[in-house]
Amino acid sequence: MNKKRARAVILLLVLALIAAACSSGTTDTTSGDASPATTAAGGTTDPEPTETTAATTDEPVVVRAAVTGGEDTLNPYTYVSGFPGWNMLMLQYDSLMQFDVNGDPQPWLAESVETNDDLTVWTLTLAEGVMFSDGEQLTVDDVEFTFNYFTEKAAGRFARDLRGVESVTTDGDRTITITLDAPNPAFDLVALADIPIIPEHIWSEVTDPEEHQFDSVTNIGSGPYVLVDYVEDQSYRFEANPDYFRGAPAVDELVVVVFADDSGPLAAIRSNEIDVIFERISPEQIDLLDALDPIDISQGPEFTTQMINFDVTKAPFDDIAVRQAISKAVDRQDIVDTVFLGAATVGSPGWVHPEKAVYNPAVAAERDVAGANALLDEAGYTDSDGDGIREFSGGPMSFEMLTNSSDSLRLRIAELVAEMLAEIGIEVTVSSVETATWEEAVWPGFDIANGRNYQMAVWGWSAPVQANTIRVAELVDGNPDIGFLNLTGFSDPAVDAIAEALLTEADPAVSAQQIGELQVLIAEGVPFVLLAYPDGAYAYNSAVYDGWEFIAGQGIVSKLSLLDASARP
């Protein structure tokens, strides 16, 4: 039996066991990552909490979900991806604040959050009666420990959220004071609503998380679910925490099955082997699945991005005329219509999503092939031999565009962009490579200090980078300490000055003005070409459970979806 067939047989056995458990009502005792959402039919769902419903039965509510790719042992130092890894992590843990349906942070573990006028001192009052899943009480000491631990054990990504934290102090049983070394207007978004609070009595024993052999003990949290079974690269099983401080979850058991690629979940939901897909489904599947009762689609705007990156430190991309010509030549609306079948928002040249309050409508995408050709002509990029390809530095303007082979939509984007750029005399050869190869070329070692090794690439960022608009500074600032997501090598003193001021501006009105100005400069400087913001579309079996809550910018994979509507912020 070959390896692929063996994995298929194992997966079928896992699904069979899950189905048997669901039908018998017994459980296995083995332990081991704005605006209202819309339905596929085009109607608008009410953003206010609605009654959470599931199939009417005396049996426990069991939901079987699908993901593509495993998330390791799923604790704060081992989970793999921003989505859905962080989302699954936070089923077990809680943060001090929680995103509501509009994607705004609201008090959660902290029942109140206050800050001083210059946003350097944040004072929180901890909710009463919060317990960890092992029965120990969550206290202000655990909050203080969490912040100090993630700062000191910087191997995990949460240390980045805590840059600028000067001190964390406690007063009595419920008050926590966090002092920053400079104003941070997005601290609630990037830290308080993101960082999982971990139990000191467990993690104080983990002295070196980079070398530690993690087991189920390190998954103890205060969240609505407990991970009770994990089979590497096959499945996770979560049981509801009946003593959750916001009330017992509406779903009693969640089984997450791991598939190798997106074809598996699509087949499994059609054959009733799973009940929900914890990944965005492709645009062509939306109407097909929605036509199959009782499968329904939850769809709405998300803040993920699809874009073209280029190395602006190398010719000819170091010439602003070339970058501007590429931006003008790309038909963003055609990409939205052709690749996403309309299930996306046209990308803004200034980065900011049109659904954001600080979006600058004066910065709009407009295709102008004639204007693009004129720019290149004026800059001296001509086609001297009449072969349809312009020249620079004695050679053709012919470049490789990288994309990851696992993403068919990105491959189609690359093919379309290649066709569009041919109209202005730029030849693009699309190279579809393994994800690891693609990442290593564009972002070697996930550290911009390592430089870059590509000419052009289709790229994209997960929702949090767009959701927190201030983070645009991380993408464009020439200072690597600030612009640590600047993968194109872009540098502009005017951009840097505004970006750096933005990070510490306490006045929302001034901040909005700065972001508006930054959008203009980004559109003019073209550090990248933002193409589209794809919608999130999720398929689920409404006969099993239909309480899924679409959070603007994040989708349905959230603890809020599994809690009773009355427990949601």
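Residues numbered from 1 in each chain as written. Predicted model: local features only at pLDDT ≥ 70, side-chain atom pairs only at ≥ 80, totals over all residues. Heavy atoms only, no water.

### Re the overall build of the protein
Phase 1 of the analysis: A tally of regular secondary structure across the protein gives 18 helices and 21 strands.
Phase 2 of the analysis: Across the 569 residues in the protein, those meeting the buried criterion constitute 53%.
Phase 3 of the analysis: Accessible surface computed for the protein: about 23,000 Å², of which carbon and sulfur atoms make up 48%. (Helix = DSSP H or I, 4+ residues; strand = E, 2+ residues; numbered from the N terminus. Buried < 20%, exposed > 50% of the residue type's maximum accessible area, 1.4 Å probe, protein only. Areas by Shrake-Rupley, 256 points an atom, 1.4 Å probe, with all protein chains shown as cover.)

### Looking at the sheet that holds strand S8 (residues 175-180)
Phase 1 of the analysis: Taken together, four strands build an open sheet; the order of strands is S5-S6-S8-S7 and the sheet is antiparallel. Each of the sheet's edge strands pairs with one partner strand only, and the pair in question is strand S5 (110-115) and strand S7 (165-171). The sheet shows a mean angle of 15° between the axes of neighbouring strands, direction not considered.
Phase 2 of the analysis: Note: S5 against strand S6 (residues 121-126), five bridges, orientation antiparallel. Bridging from a neighbouring strand, Ala 110 pairs with Leu 126 of S6.
Phase 3 of the analysis: Strand contacts of helix H3 (residues 140-152): S6, S7 and S8, with the helix running at about 170° to S7, the strand carrying the most contacts. (Pairing = 2+ DSSP bridges. Axes fitted to C-alpha atoms, helices over the stretch in contact; angles between N-to-C directions. Contact = heavy atoms within 4.5 Å.)

### Some thoughts on the packing of helix H7 (residues 263-270) against helix H8 (residues 283-290)
How two helices pack is summed up by the angle between their axes together with the distance between the axes.
Phase 1 of the analysis: Direction vectors running N to C along H7 and H8 enclose 10°, while the axes themselves pass 12 Å from each other. Of the possible angle classes, the one that applies to H7 and H8 is roughly parallel. Between H7 and H8, the contacting residues are Leu 266, Ile 269 and Arg 270 on the first element and Gln 285, Leu 288 and Leu 289 on the second.
Phase 2 of the analysis: Tallied by class, residues from the contact of H7 with H8 come to four nonpolar, one polar and one charged. (Parallel < 35°, antiparallel > 145°, perpendicular 65-115°, else oblique. Nonpolar A, V, L, I, M, F, W, Y, C, P; charged D, E, K, R; others polar.)

### Examining the packing of aromatic side chains
Aromatic rings considered in pairs are described by the distance between their centres and by the relative angle of their planes.
Phase 1 of the analysis: Here the structure, examined in full by the defined rule, presents 25 aromatic pairs.
Phase 2 of the analysis: Relative to Phe 528, the ring of Trp 351 has its centre 5.9 Å away and its plane inclined at 70°; by these criteria the two rings are edge-to-face. Of this pair, Trp 351 sits in the loop between strand S15 (344-346) and helix H11 (369-378) while Phe 528 sits in strand S21 (residues 528-541), and the two are 177 residues apart along the sequence. For the pair formed by Trp 351 and Phe 528, the shared burial category is buried.
Phase 3 of the analysis: Taken together, a centroid distance of 5.2 Å and an interplanar angle of 85° make the contact between Trp 443 and Phe 446 edge-to-face.
Phase 4 of the analysis: One aromatic cluster is present, formed by Tyr 77, Tyr 79, Phe 145, Tyr 149, Phe 150, Phe 158, Trp 203 and Phe 214 through successive ring pairs.
Phase 5 of the analysis: The ring of Trp 108 carries the charged tip of Arg 246 above its face, separated from the ring centre by 3.9 Å. (Phe/Tyr/Trp six-rings, centres within 6.5 Å; stacked < 30°, edge-to-face > 60°. Lys NZ or Arg CZ within 6 Å of the ring centre and 35° of its normal.)

### Some words on the confidence of the model for the protein
Phase 1 of the analysis: Within the protein, residue pLDDT values average 89, and 90% of them lie at 70 or more.
Phase 2 of the analysis: Segment residues 1-51: pLDDT under 50, and 77 contacts once partners within four positions in sequence are set aside and those in other chains are kept. (pLDDT = per-residue confidence, 0-100.)

### Some details on the packing of helix H9 (residues 320-329) against H11
Phase 1 of the analysis: It is at 8 Å that the axes of H9 and H11 come closest, and there the two elements cross at 165°. In terms of their interaxial angle, H9 and H11 are classed as roughly antiparallel. Along this stretch, H9 crosses H11, giving a crossing that reads as left-handed. Mapping the contact onto sequence places Ala 321, Val 322, Gln 324, Ala 325, Lys 328 and Ala 329 in H9 and Val 369, Gly 371, Ala 372, Leu 375 and Leu 376 in H11. (Left-handed = near helix turned anticlockwise from the far one by under 90°.)

### Re the side chain of Asp 496
Phase 1 of the analysis: Tracing the sequence through the fold places Asp 496 in helix H16 (residues 493-502).
Phase 2 of the analysis: Notably, Asp 496 is buried but unbridged: the nearest opposite-charge side chain belongs to Arg 323, and the N-O separation is 12 Å.
Phase 3 of the analysis: Each residue touching Asp 496, except ones within four places of it in the same chain, is listed here: Val 476, Asp 477, Gly 478 and Ser 491. (Lys, Arg positive; Asp, Glu negative; His and termini not counted. Salt bridge = Lys/Arg side-chain N within 4 Å of Asp/Glu carboxyl O.)

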